[in-house]
Structure formats: structure tokens, C-alpha cells
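Structural features, examined
Chain by chain, the residues run as shown.
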Amino acid sequence: MNINSRMAMFISEDSKKHHTGTWCLFLYSSLCRTQVRSGRSGRYILSGPSPYDLSRPSCSDICADLRMPGPRFSDGDSAMARWPGSNLYFEIQILSFDSGSQLYSVLFKDGTEMNIKESDIRSLNIFRPKRGSASPSRRRSRSRTRSRSPGRTPTQGRSPARTPKTDPKSSPVVRDSRKGDILKVHLTPLKPQDFIVETRNGKDAITRHAKLYRESPVIQAEEELKVYEKQIKNQKVLRYIQRKEYFAESENKDVNKKFILNPEPTRNIVPVEKPVVEFGGAIGATLVMLSMPPLLYYLLHMCAQKDASLWNFYPHWTFRDLWESTVFGYFALWILLLELFYLLPIGPIAHGVPLATGKRLSYRINGLFALFFIGVLVAVLLYYKINLLYVYQHLHQFAASATLLSVILSAYLFVRSRKASQEELSAAGKSRNFIYTFFMGRELNPRIGKFDLKHFSAVHAALIGWVFINFIMLLAEMDIQQLESPSASMISVNAFQLFYVLHALWNQESMLSSLDIAHEGFGFMLAFGNLVWVPFAYSLQAAYLVKHPVEISWAVLGAVVAMNTFGYIIFRSANNQKNAFRRNPEDPRLSYLKSIPTSCGSPLLASGWWGFVRHPNYLGDIIMAWAWCLPCGFNDVLPYFYGFFLTGLLIHRVSRVEHRCRQKYSHDWDKYCHLVPYRILPYVY
Ligand SMILES: NC(=O)C1=CN([C@@H]2O[C@H](COP(=O)(O)OP(=O)(O)OC[C@H]3O[C@@H](n4cnc5c(N)ncnc54)[C@H](OP(=O)(O)O)[C@@H]3O)[C@@H](O)[C@H]2O)C=CC1
Ligand SMILES: CC(C)CCC[C@@H](C)[C@H]1CC=C2C3=C(CC[C@@]21C)[C@@]1(C)CC[C@H](O)C[C@@H]1CC3
């Protein structure tokens, strides 16, 4: 909202109550003659009744007579124009003005040319930082607190809502201006969304402007008046924006309502997540729970077959072969060992995202240490010639043991969640459907003392388990194929995935804000996913290579390494950008990035990787996933399962994450989607 519209509000308010023409002319002449002076302070103060009052009338009818014909901007002028269908303003250059259609032809900085009406164009001055009026003392004098302080004079300190409704002569405006004291005008607040996209360096006009208004609806208007005067002197057109239009412009009325009722963006809002049925509800959950374990055994079985083509399914085992108590014992021992490492008091403490209670849980970050200890233990076992190939020989039974443990864990989690308070439950966990909540998980952060079950299973059990099984496959390949050293394919698959896990463990702190740790309940989906699916299904390429040797040339290997590096760079830099931005949105190293302030207080990145697509980290992840499949050659589809699975998982995840974001950011998320239309791959999806 610029000064014109604020003036318009002033006129409209008082016009309604009093004599429209008189007041419009009064303001107009006051501005032209610059005779309005504040007595003591020499400042102008704009204030008024509650600026969020929707009942105010439109001013355009009342002030139509003040509109002047002719273009306000000249060819070549720079200005800010509203992007059609949004409330975003971008810098433009005026190319020409068509008096017939009354439209300006404008050029946006990205090269887009468009015809735009004048009311959608604002002078750059409105967005520029105010020089001269920014001294700290002056800023302080504009603060809401001070202006409302009871110690102040009635005119200065009057709460906007208490503006007296008397006759024009005794209205604050007349009285004050006649005394030459203070000009009071009614303000319409700036909507933070109106000042969104701009580079985030310290000089950023838009952000500062928006911040100024967020901080104080009672503002000093000297600079704006100067700008306004200049516009009049220059015989440019006065444009008034209808107040109704101001709010009607927004596509989502609820958002406006929220903004009006709660104009001050609140930092660290913990959004109340509305329950939403995912995975097709109870039916979908049942299907997933019943199909995933057999699918895994099928995949493992196909890897172990000589002919791994999908239609050559011939089970040499029965489901009874899946069980062996000793294997279950070893698996339980493995998990116990990982738990011990998890509880080691080494490594820094990090804090999770704020919970519904406002509390933040602390997590010990020692995944890398745990991986190191496991590495040392494996080396010792190998040194003492302990047969680690036992794991390969009983892979199905290990997978089945892990599945059983995940079912026991899910049952325990479900039972204990009955004691959890509503605040401790996830959004999906509040559903009353037993199957659905068993699958999705009810409790958000189930803990036994300091032992966080979900965090442990996602980081230690899943990731360390994954690289361990990969390593076992490497040993098995050497053993079965009588190799002195592992094949290039096996080394590359192991190296790529180890590198990915090391990256995840190194950046473990950022995992605390991932969908699963921060928002998902802990139920069968994550218990099975972490204890079973990640270690046994994600290592499928390595499992395939054990019995299906693939020779790859250096050229192919080089291409695969390049592809993995390319994916990793996208994955890593996108995650780094977001994590650094979430840690400190004012980080000077990110000043080149554009962002969208949001009404919930946490801005959204809108340039860099996050301006390229809405989920650049998923794009990088998917590129890497396919790169990990390529060393397995093209003889079978089986080793490409991971590529298909992860692509599907992340596409589905997009809709889940976006649903959350739409709930949290509402209208601002739509704006982001408008700015960045593609989710994962530009022009495709
Ligand atoms: N290999 C695998 O099997 C899997 C890997 N992953 C990987 O794990 C990582 C975490 O995944 P996940 O939690 O799903 O997703 P993200 O790390 O992408 O997190 C999504 C959150 O980021 C924030 N966000 C979204 N857009 C923006 C933006 N423009 N600017 C600033 N913040 C934004 C929002 O949270 P808020 O605004 O509340 O901060 C949103 O909820 C990813 O790198 C993913 O690739 C995930 C699943 C499976
Ligand atoms: C088989 C089930 C129906 C679905 C299982 C889904 C799980 C395999 C994934 C859900 C979210 C995951 C995350 C990761 C691994 C896969 C699962 C458990 C990461 C730990 C992978 C490494 C990243 O850096 C972080 C991921 C968080 C989410």
C-alpha cells in the first residue's frame, strides 16, 4: 500500500463521516502547499483508527474527481509492477503507454513483456528505503508502544481505535493541523505480502519497508508526503486504490481474515496441523503393510537367483524358511549394539523443531561416531576371521527378523501412545482408525528416557544398517566370484551409498527438521521403513551384483561418477541453502537470494535452487538414485528398482510436504507456487 492509497484511506474515512469534498480539498491543498507542520517535533505523524477495519468504504467513487487523465509514467521510467494474478511486485521498465486501452507496455527484469494497467504500477520511491528519517531516535518515536503510551499527549498517543467521532471541526485532523501541530491521517496497513520479492541484502528497500510497517502502524510520513507532493507537482496522476479491491485482490479470503485479525507476523509459529488422510487411509495402509514385506523377500530372492529377470520367479523356499531363532538373536544383538552407541555421551547436542508445546527436544548427534565404531568392530571381526558372510547366507531370515522386530516395535508404540497427551500426537495420529494410526504412528517423539526411538531408527538403524549390508555384499561378491578385489561396479555402488550416508550423518542436525522426524508419528511405516526397508531394499544393487557380475568400462564409470556428482551437488547445495536460510534468514552469505516473507513469520526462499524448482533436493536425490543403478548394467530391471522406488516415493512426498506447507503458509505458499511452478523437474513436473 503506498502513500496514495493511504491518503485515499484518509480521505475516504473522513469523507464518510464528514464532508467529502471539503476534506479531499483540504488534504490536497495541504499537500500542495506543504503548510502542514508539526509543532514541537517538526514531524508529520500518520495514525488513525484500527487499520484493519474492513468496514471502511472504498474511496475511488468519492475521489474519482481527483483522478487526472494521461499517463503517470513516461517511457523508459523504472517502477514496480504487480505480477498479474498475484500480489507480487517486480521491477519493470515502462516501454510505452497506449492511450486507447490505457495500458502500459512494460518489461520485467526477467525479460517478460506485458501490458499492465496503471493501478498495478507503483513508483519505485514507495519501495525505496527512507533516507533521513531513519535515525534511531526517530524510529523509536514511530514505535507503536510509544505512540500508545499513556504518558503522551492525547493526540500523539491516542490509540487508533479511540479516534473521536465528532464533527469535522473538532476532529483530530482539523484541530491538529490548525494548531500546526500534527497531521493525523488514517492508515491502511501494508500487507507484508505486497512487499515480497526482493534481494535480501541489507539495503533491501522492500523488506525494510515491510518491516517498518510490521513494527509500527503509526508512522512518520514526512518522506511519503514529499514523494506525494513531488508527484502532484510533476502533474502526474493521483491514483487511489479502493480499499475493497485491496482485500479482494487476494485469492484466499481466509488468509486476509487471518492477516486482519493477526497482522503482526509471529515468529516460530507452530502450525496446528489438520489431520489429513494419507496413503489412501486404512485401506491403503493395509495394502502397504501386507505387500511391502513379501515384495522385499521377492526382490531379495530374485537377486539371489541366477536368472534375475522378473518373470522368472520361482521360490525355492517357503515362508517357513524365513524364520530362524539364531538369526533373530543376532539381529537383536545388532540393534542392541547400535542402541549402546546411540546412548554414548559423545557428540554435540542439537535441538529439534519447536513442538506444539513450544518445547524443543534435544538430540545427541553421534551417528558418525557410531558408524566409526561399527567400522572398527567389523575390522576386528574380519581380523579374527569371524564369518560375516553368515549375514549374506541368511539374508532372508535377517530381513524377516527385522520385519518381526518392526511389528513388535509398532505394537509397543501403539500401546504406549495411548498414554500420550494430545500435544504429543502427530496430526495423523489423532485419527480414530486403528489400522491407519498403527501404520502412520500416533506419538510424534516416543522416548524412553533420553532414548529417542524414532531418531535412533531413522539414523542409526536405517543408515548404518544400509552401509553394513552393502559391505557384506561386497565381501560376498569377492567370495562367490572368487575375486581378489571387489568389482568396479560393486566398489562404485558401495562408495556412492557410503558417501550419501556419511553426508546424512555429517548433516544429521538438518535431519531433525525433515518431515519424518519433525512431523510424522512413529508407527509401522517408519519402523518398517527404517529397520527393514532401508537396510535390505536400498542395498539391492549390491545384492544383485553378488551373483550378476557386470563389467563396466572406465568411460561408463566416469559418466556414472559424473552423474552422481551432478545429483549430489544439487542435493547438497539445495539442502545447504535451505538449512542455512532456516538457521539465519539474514545470513549475509545468502544475501543474493530472494525470499518471500510469509504471514507465519518464516520466509520462503524463492531463488537459487529453491527458485529453480520447489523440491530441488528431491531432484538431486533422484539423479543420484539412478546413478547408483547404472553400474549394474542393463541386463535386468531388478537393480533399477531403487530408482523407480525413490522416484515414486519422492513424487508422493512432494504432495505430502506441499500439503503441510499449504496449511502452514496458506496464501504465501500459493504465491511461491506461482513464482516457482515446477515441483521437481522444470517443464515436466
Ligand atoms: N533417500 C531417501 O529414501 C529419502 C531421502 N529424503 C531426503 O531427505 C531430505 C529431507 O526430506 P524432506 O523432509 O522430505 O524435505 P525437505 O528437506 O525438502 O523439507 C521440506 C520442508 O522444507 C521447507 N521448505 C519448503 N520449501 C521451502 C522454501 N522455498 N524455502 C524455505 N523452506 C522451504 C518446509 O518446511 P518449513 O517451512 O517448515 O521449514 C518444508 O516442509 C531431502 O534431502 C530428501 O531428498 C527424503 C525421503 C526419503
Ligand atoms: C516401505 C514403507 C511403506 C515406506 C518406507 C519409507 C522409508 C524407506 C523412508 C521414509 C523416509 C525416509 C528417510 C530416509 C530414508 C528412507 C525413509 C526411512 C532418510 C533417512 C535418508 C537419508 C536422508 O538424508 C534423510 C532421510 C529422511 C527420510
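Source: prediction; values computed, not measured.

**A word on the pattern of salt bridges**
Per the counting criterion, the structure on display carries 10 salt bridges. One salt bridge in this structure joins R416 and E443, with 3.0 Å as the shortest N-O distance. Taken as a pair, R416 in helix α16 (residues 395–417) and E443 in the loop between α17 (434–440) and β11 (447–448) lie far apart in primary sequence, 27 residues in all. Accessibility assignment for this pair places R416 and E443 in one class, buried. E658 serves as the salt-bridge partner of R614, at 2.8 Å between the closest nitrogen and oxygen. One end of the pair, R614, is in the loop between α25 (609–612) and α26 (616–629); the other, E658, is in helix α27 (residues 641–665), and 44 residues separate them in sequence. The same class applies to R614 and to E658, which are both buried. Taken together, the shared-partner salt bridges in this structure form one network comprising R82, K117 and D120.

**Notes on the site of ligand 2**
Taken together, V288, M292, Y500, A504, M511, D516, G529, N530, W533, V534, Y538 and R653 form the complete shell of residues around ligand 2. Across the complex, the protein chains shield 87% of the 610 Å² of accessible surface that ligand 2 would expose by itself. Mapped onto the shell around ligand 2, the elements with two or more residues apiece are α12 (281–304), α19 (488–506) and α22 (524–537). No other element matches the four residues that α22 contributes to the shell around ligand 2. The residue inventory of the shell around ligand 2, partitioned by class, reads eight nonpolar, two polar and two charged.

**Some details on the site of ligand 1**
Neighbouring ligand 1 are 26 residues; Y538, Y618, R653, K664 and Y665 lie closest to it. Taking R582, its side chain carries an N or O atom lying 2.7 Å from an oxygen atom of ligand 1. Contact distances for ligand 1 include 2.7 Å between an oxygen atom and a side-chain N or O atom of D621. Expressed as a share of its isolated accessible area of 910 Å², the protein-covered part of ligand 1 is 87%. Mapped by element, the contributors of at least two residues to the shell around ligand 1 are α24 (554–583), β14 (604–605), α26, α27 and α28 (667–675). The residue inventory of the shell around ligand 1, partitioned by class, reads 17 nonpolar, three polar and six charged.

**A few points about the pairing of strand β3 (residues 89–98)**
In this structure, strand β2 (residues 78–82) lies alongside β3, joined through five bridges in antiparallel fashion. Paired with A79 across the strands is I92, a residue of β3. Direction of pairing for β3 relative to strand β4 (residues 103–108): antiparallel, over a ladder of six bridges. Residue F97 lies in a different strand from β4, and its bridge partner there is Y104. Linking two consecutive strands that pair antiparallel, namely β3 and β4, is a turn of four residues; a positive phi of about 60 degrees is found at Q102 within it.

**A few points about unusual backbone geometry**
With phi around 35 degrees, S666 is a residue other than glycine that occupies positive phi space. Unusually for a residue other than glycine, Y683 sits at a positive phi of about 65 degrees. Tracing the sequence through the fold places Y683 in the segment after α28.

**Some thoughts on the nonpolar core**
Counting residues in hydrophobic clusters, the biggest one holds 131 residues, and the most contacted among them are L296, W466, M473, W533 and F536. Counting residues per element, this core draws most heavily on helix α18 (residues 453–480), which supplies 16 residues. Once residues within four sequence positions are removed from consideration, M473 is found in contact with Y392, L395, M490, A542, A543 and V546. Within the second largest apolar cluster, 13 residues are counted, among which are A81, F90, F108 and I116.

**As for a nonpolar patch on the surface**
Together, F372, V376, V380, Y383, Y384 and I386 make up an exposed nonpolar region whose accessible area comes to about 670 Å². Along the polypeptide, Y384 turns up in the loop between α14 (367–383) and α15 (389–393).

So, how was this worked out
- Residues numbered from 1 in each chain as written.
- Chains lettered and ligands numbered in written order.
- Predicted model: local features only at pLDDT ≥ 70, side-chain atom pairs only at ≥ 80, totals over all residues.
- Heavy atoms only, no water.
- Salt bridge = Lys/Arg side-chain N within 4 Å of Asp/Glu carboxyl O.
- Helix = DSSP H or I, 4+ residues; strand = E, 2+ residues; numbered from the N terminus.
- Buried < 20%, exposed > 50% of the residue type's maximum accessible area, 1.4 Å probe, protein only.
- Near = heavy atom within 4 Å.
- Areas by Shrake-Rupley, 256 points an atom, 1.4 Å probe, with all protein chains shown as cover.
- Nonpolar A, V, L, I, M, F, W, Y, C, P; charged D, E, K, R; others polar.
- Polar contact = N/O pair within 3.5 Å; in protein donor to acceptor, adjacent residues only side chain to side chain.
- Pairing = 2+ DSSP bridges.
- Core = buried A, V, L, I, M, F, W, Y, C linked by side-chain atoms within 4.5 Å.
- Contact = heavy atoms within 4.5 Å.
- Patch = residues over 30% accessible without salt bridge, like charges linked within 9 Å, V, L, I, M, F, W, Y side chains within 5 Å.

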